[in-house]
Every structure is written in C-alpha cells, then in structure tokens.
Amino acid sequence: MKIEKINKIAGLFVVFSSLMTAQQQMSPLDCEEAFQKNNLQLLAEQYNINMADADILQSKIWELPQLSGYVNAYNPEGRKAFDVGQAKGAEISQLIYMGGKKKNEIAFAKSNKELAQLQFSQLLVDLRSQLRSNYFNLYYEKLKLENTKKQLDYMNDLLAAYKIQSAKGNVSLKDEVRLQSIVIQLNNDKIVINKNILEFEQNLQVLTGITEELEPQLSESEAKDILASQPFGDALELQKKALENNADYQYNLKLIDNSKLYAQWQKSMNVPDLNVGAQWDQNSGTFKNEVNLMVGIPLPLWKSNKGNVERANFAIKQNQKNAEFQRLNLETKVQSAYKTWKVQYDQLQEIKTTDLDNMELVYNGMLKNFRKGNISLIEFVDFMDSYRETALQIYDMKNEIIQSAEQLNQLLQTKIFY
C-alpha cells in the first residue's frame, strides 16, 4: 500500500511538473533570441541571399568552347564508305564577349545581392517589430486580466451574499440586479481579454518557434523605464535618421542603381560577339593537313536588343518616381508616428504616480466602507463601474505608448529611445 501511495504521489508530481513547464517565462531579450534562431520566415528569406550569391557565380561563367569534327561518309572515287583514313577534320571555337557584357552582367548580379540583403534587413525589422508589439500587447492584457479577476472575485462573493439575502427578503431584487450587471460586465471584459491573450500568444509562438504558452517576464520597474524613455530629437531629426537607415527606402534607392546597371548590360548586348576558333582538315582543303584560323561575328545591321534597352530605360524612370514616393511616404509616417507617440506620452505624464496610488487607495477604501455600510449600493456600483473602465484605459494608454514607440523604431531602424 505504501509503494502504491508513493507511486501516486510521484505520478502527480510528474503531471504537476509538466503543467509548470508548459508555460515558459520569457523576457523581451529571450523572445528576440528565440525569434532570430527559430523564425521560419527569416530562415527562408536568408536563402534569397544565397541564391543571389549563386547568380553572381553563374554570371562569371563563360560559354563552353564548341568542339566539332567530321569523317568521310562515302568516297566516290574509291567507292568506299567511311573512308576515315583519307578524309577527316576537326574544329574548336570559343565565344568571346565584346562590349563589356560579362562585366555588366556580373555588376548587375552583385547589385541583386545587395537588394536581397536589404529585403532581408527589412523583413528582420518588420518581424522584430511584430514580436515586440505582440509581447507588450500580451504583457498588458495579462495585467488587465489580473485586475479584472481581482474585481470579479470580490463581486462574485458579494453577489452570492446578496442572492441569499434577496431570497430571504432582506434586500431588494433591484439591488441584486445592479450587482449582477457589474459581474456581467466584468465577465465580458474577461472574455475579451482572454481572446486577445490567445491571439497574442499564438502570434508569439509563430514568431519565436516556441510551442509552449509564453508568459512575459517583465518587472514593473523595467516597464516604467521603457515608458519613460524618449527619442533623441524632434520630428525633423527623426525623419533624417529614417532616410539614412530605413531598409525599405534604401532598397528603393538601390533599385535605381540596379536598373541603371541592367540598362547598361542591355546596351552592351547590342555589341556583336566574336567567335574565334581553329580548324584542322586532313585532305579536303587547299593543303594537306592544313590548320585554319576561324573568326566569326554577326553583322550589326540593326540593334538586336533595342526593345530591351528601351524597356530598361523606362524602368530607371519608374524606380526614380517610386523612390520619390517612398521618401515622401516615409517622412510622413515618421512625422505622424512621432506626433502620435508625443500625444500619448504627454497624456500619460499628466497622470501622476500619486494619482494612480490614490485610485487604488480609494478602491480599497470603497470596499471597506461598503462592507461597513458607510456608503450606499448605488454609490458603490457607480464607483465600481467607473473604476473598471479607468483601470482598463490606463493599461491601454501605457500599451499604446509602447506600440507608438515600436512604430518609430520600425521606421527609423536605429536606436532612438534613451
């Protein structure tokens, strides 16, 4: 019996341990490390750079030399088929690129690699921004859930007591319904918050490659430091930094250079290539066993690549206009994101720490006074409804500041908050 009891305890311990390990506590740095190691989108995008390297390698390879030969099929004089001993020949030729074709092709391939690297950088920034955005969304939703559960536990106990007293006729049914409405609202808040938590957890699992339930590990002081950090300059300085560092904008600038290199390559295709070779003939030439030099070149009667050159020139103009649009778009986004952050930051700064402490003090005071019967049910219900909404709004305000800061980080792609 003792052994069975020990086995049951051990089994329960294993189950408890597995439940504990199913939830993984992670700091923002832990999430970022897991993201860079496991994110499948990031790993897949890396192959575009590898493929660009392969394109550079391929662009350096010349056409293979051509080797051909012939033997006699039928000798009409000797009336002999396949008179190989009397008539045979061979030739070898090599295509020589003219007009800098190979140089231009290699330069274009190298430019494509630079574009692939910028695309990778932009994807890294975008996914990292999603990671941090979902992390802080989850962090504040968890705080909202904790606060809501605290209120709900108290209100459920209070409602249960009022139901008993209502059944005895000691309190009115109207009072019970008032309390019931607060409980319903809190339960609805809890449902919405839990739904949001599941969504943010799922997003983090996809981004980090971690299948366990993620629990944000962030102290209150760390969260305060993040909220208190400010960008180093005004909107104009931030716009300048964004133009210098934003990979998406740099990609559009590089695309102009890339299209110019492509146009140069297409122009060089109009230059005829040389075909140089040597020929040996045993018996059918002017001399026996003669060796001849062969040179071939297409006649440049017209530009055979004229359409592609014209198309490439239009691509340059198109990319220039796209870059102008991206510059304007980026500057506008930075200005808007900065203004949004500033308004939200200033709004939160107006709420002093003492105000938040006073709100909790009043909350606890209302609970005590209501238990003692010092305030009416109507006053208590009105306060609880107001407190419920205010508590959720404060968490949302803090989260929105961080989300605005993350948007600025995503646009500038360099350290700006100190």
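Placed above this text is the structure.
Now for a description of the structure that goes with this document.

Calculation rules
Residues numbered from 1 in each chain as written. Predicted model: local features only at pLDDT ≥ 70, side-chain atom pairs only at ≥ 80, totals over all residues. Heavy atoms only, no water. Patch = residues over 30% accessible without salt bridge, like charges linked within 9 Å, V, L, I, M, F, W, Y side chains within 5 Å. Areas by Shrake-Rupley, 256 points an atom, 1.4 Å probe, with all protein chains shown as cover. Salt bridge = Lys/Arg side-chain N within 4 Å of Asp/Glu carboxyl O. Helix = DSSP H or I, 4+ residues; strand = E, 2+ residues; numbered from the N terminus. Buried < 20%, exposed > 50% of the residue type's maximum accessible area, 1.4 Å probe, protein only. Pairing = 2+ DSSP bridges. Contact = heavy atoms within 4.5 Å. Core = buried A, V, L, I, M, F, W, Y, C linked by side-chain atoms within 4.5 Å. Axes fitted to C-alpha atoms, helices over the stretch in contact; angles between N-to-C directions. Parallel < 35°, antiparallel > 145°, perpendicular 65-115°, else oblique. Left-handed = near helix turned anticlockwise from the far one by under 90°. Expected span 1.5 Å × (residues − 1). Arc of directions from axis to C-beta. Polar contact = N/O pair within 3.5 Å; in protein donor to acceptor, adjacent residues only side chain to side chain. Phe/Tyr/Trp six-rings, centres within 6.5 Å; stacked < 30°, edge-to-face > 60°.

The subject of this paragraph is a nonpolar patch on the surface. A contiguous nonpolar patch, built from Val 71, Phe 82 and Val 84 and spanning about 280 Å² of accessible area, is present on the exposed surface. Relative to the helices and strands, Val 84 is located in the loop between strand E4 (80–81) and strand E5 (88–96).

With that settled, consider the pattern of salt bridges. Side chains carrying opposite charge are able to pair once their charged atoms draw close together. One pass over the structure, following the stated rule, counts 20 salt bridges. Notably, a salt bridge pairs Asp 53 with Lys 113, separated by 2.8 Å at the nearest N-O pair. One end of the pair, Asp 53, is in helix H3 (residues 40–59); the other, Lys 113, is in helix H4 (residues 101–168), and 60 residues separate them in sequence. Take Asp 53: its relative accessible area is 32%, and that puts it in the partly exposed class.

This paragraph deals with the pairing of E5. Two strands pair when backbone bridges link them, and strand E2 (residues 66–71) and E5 are joined in this way by 6 bridges, in the antiparallel orientation. Paired with Gly 69 across the two strands is Ala 90, which belongs to E5. Relative to strand E7 (residues 274–281), E5 runs antiparallel, the two sharing 8 bridges. Among the inter-strand pairings, Ile 96 is bridged to a residue of E7, identified as Leu 274.

This next bit is on the side chain of Lys 142. Position of Lys 142 relative to the elements: it lies in helix H4. Given a relative accessible area of 18%, Lys 142 falls into the buried group. Setting aside residues no more than four positions away along its own chain, Lys 142 makes contact with Gln 23, Ile 197, Glu 201, Glu 213, Leu 214, Glu 215 and Pro 216.

Below, the discussion takes up the side chain of Ser 59. Relative to the helices and strands, Ser 59 is located in helix H3. In this structure, Ser 59 is in contact with Lys 102, Glu 105, Ile 106 and Ala 109, ignoring residues within four places of it in sequence.

What follows concerns the nonpolar core. Residues Val 334, Trp 341, Leu 408 and Leu 412 are the most contacted members of the largest nonpolar core, which totals 52 residues. When contributions to this core are tallied by element, the ones reaching two or more residues are helix H2 (28–38), H3, H4, helix H5 (173–208), helix H6 (220–228), helix H7 (235–245), helix H9 (306–349) and helix H11 (377–412). Discounting chain neighbours no more than four positions away, the residues touching Leu 412 are Leu 238, Lys 241, Ala 242, Asn 245, Asn 246 and Val 334. Residues Leu 158, Phe 380, Tyr 387 and Ile 394 belong to the second largest nonpolar core, which totals 24 residues.

At a minimum axis separation of 9 Å, H7 and H9 run at an interaxial angle of 135 degrees. Between H7 and H9, the angle is such that the two are oblique. Taken as a pair, H7 and H9 cross one another with a handedness that is right-handed. Residues Ala 235, Leu 238, Gln 239, Ala 242 and Leu 243 of H7 pack against Arg 327, Leu 330, Glu 331, Val 334, Gln 335 and Tyr 338 of H9.

Turning our eyes to something else, we now look at the sheet that holds strand E8 (residues 290–296). On the basis of which strands lie adjacent, the open sheet formed by 4 strands has the order E2-E5-E7-E8 and antiparallel pairing. With one partner strand each, in any of the chains shown, E2 and E8 form the two edges of the open sheet. Going across the sheet, the axis of each strand differs from the next one's by a mean of 15 degrees, ignoring polarity. In this structure, E7 lies alongside E8, joined through 7 bridges in antiparallel fashion.

Before going further, it helps to examine H3. Residues spaced three or four apart along an α-helix point in a common direction, a consequence of the helix completing one turn every 3.6 residues. Taking 1.5 Å per residue, 20 residues should reach 28 Å; H3 reaches 29 Å between its end C-alpha atoms and fits that length. Listed in full, the buried residues belonging to H3 are Leu 42, Glu 45, Ile 49, Ala 52, Ile 56 and Ser 59. Down the axis of H3, the buried side of the element spans an arc of 85 degrees, and every buried residue falls inside it. Away from the buried face of H3 by more than 90 degrees, exposed residues Leu 40, Tyr 47, Leu 57 and Gln 58 are located. Of the residues that open H3, the one with a side-chain oxygen 3.1 Å from the backbone nitrogen of Gln 41 is Asn 39.

Let us now look at the packing of aromatic side chains. Applying the stated criterion across every chain yields a total of 13 aromatic pairs. Between Trp 341 and Phe 417 the ring centres are 5.9 Å apart and the planes differ by 70 degrees, which places this aromatic pair in the edge-to-face class. With Trp 341 in helix H9 and Phe 417 in the segment after H11, this pair connects stretches of sequence that are 76 residues apart. Summarising the burial analysis for this pair, Trp 341 and Phe 417 share the class buried.

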